[in-house]
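Fold and geometry: a report
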Amino acid sequence: MSENEDAILRHAEIIIEAMALGQAMMAGDIQEARFRARLIATTADIAGLDDVGRAAGRVVDLLGRGSTAPTPGYGQAIEALSVAIG
């Protein structure tokens, strides 16, 4: 696989995970949304997509961990992630 094909596949994977993140949020499944946000952050970091990685990291931070409630502003962070993926 060429480097360009690999980059395209990673970007497609990020888009698919972002869609799953949105669906999880709409379903009220914060644990799934946290999982998807971490996948996006990791994939973006591996792909060298710094803006996407930072935006996903912000979502991860605001969604929190474990049984804690998400921090206010997570909706705007998810929107910013969407723009970064753009």
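Structure's up top.
Locating Glu-17 in the fold gives a position in helix α1 (residues 3-27). For Glu-17, a relative accessible area of 11% gives the class buried. When near neighbours in sequence (up to four residues on either side) are disregarded, Glu-17 contacts Arg-36, Leu-39 and Ile-40.

On to the environment of Ser-82, then. The residue Ser-82 is located in helix α4 (residues 74-85) in this model. For Ser-82, a relative accessible area of 47% puts it in the partly exposed group. It is 11 Å that separates the C-alpha atoms of Ser-82 and Leu-21, two residues lying 61 residues apart in sequence.

With that settled, the discussion passes to the nonpolar core. Membership of the largest hydrophobic core comes to 20 residues, with the highest contact counts inside it found for Leu-21, Ile-40, Val-52, Val-59, Leu-63 and Leu-81. Secondary structure elements with two or more residues in this core: α1, α2 (30-47), α3 (50-63) and α4. Element by element, the count of residues in this core is highest for α3, at seven residues. Beyond its immediate stretch of four places on either side in the chain, Leu-63 contacts Leu-21, Met-25, Ile-30, Ala-33, Arg-34, Ala-37, Thr-68, Pro-70 and Tyr-74.

Counting across every chain of the model gives four salt bridges. Between Arg-36 and Glu-17 there is a salt bridge, with the nearest N and O atoms lying 2.6 Å from each other. Residue Arg-36 is found in helix α2, and its partner Glu-17 is found in helix α1; the two are separated by 19 residues along the sequence. Linking Arg-54 and Asp-51 is a salt bridge whose minimum nitrogen-to-oxygen distance equals 2.5 Å.

Bringing the packing of α3 against α4 into the picture now. Contact geometry of α3 with α4 gives a least axis separation of 9 Å together with a crossing angle of 165 degrees. Comparing their axes, α4 and α3 come out roughly antiparallel. In the packing of α3 onto α4, the handedness of the crossing is left-handed. Every residue of α4 that contacts α3 at Asp-51, Val-52, Ala-55, Ala-56, Arg-58, Val-59, Leu-62 and Leu-63 is listed here: Tyr-74, Ala-77, Ile-78, Ala-80, Leu-81, Ala-84 and Ile-85.

Cut-offs applied
- Residues numbered from 1 in each chain as written.
- Predicted model: local features only at pLDDT ≥ 70, side-chain atom pairs only at ≥ 80, totals over all residues.
- Heavy atoms only, no water.
- Helix = DSSP H or I, 4+ residues; strand = E, 2+ residues; numbered from the N terminus.
- Buried < 20%, exposed > 50% of the residue type's maximum accessible area, 1.4 Å probe, protein only.
- Contact = heavy atoms within 4.5 Å.
- Core = buried A, V, L, I, M, F, W, Y, C linked by side-chain atoms within 4.5 Å.
- Salt bridge = Lys/Arg side-chain N within 4 Å of Asp/Glu carboxyl O.
- Axes fitted to C-alpha atoms, helices over the stretch in contact; angles between N-to-C directions.
- Parallel < 35°, antiparallel > 145°, perpendicular 65-115°, else oblique.
- Left-handed = near helix turned anticlockwise from the far one by under 90°.

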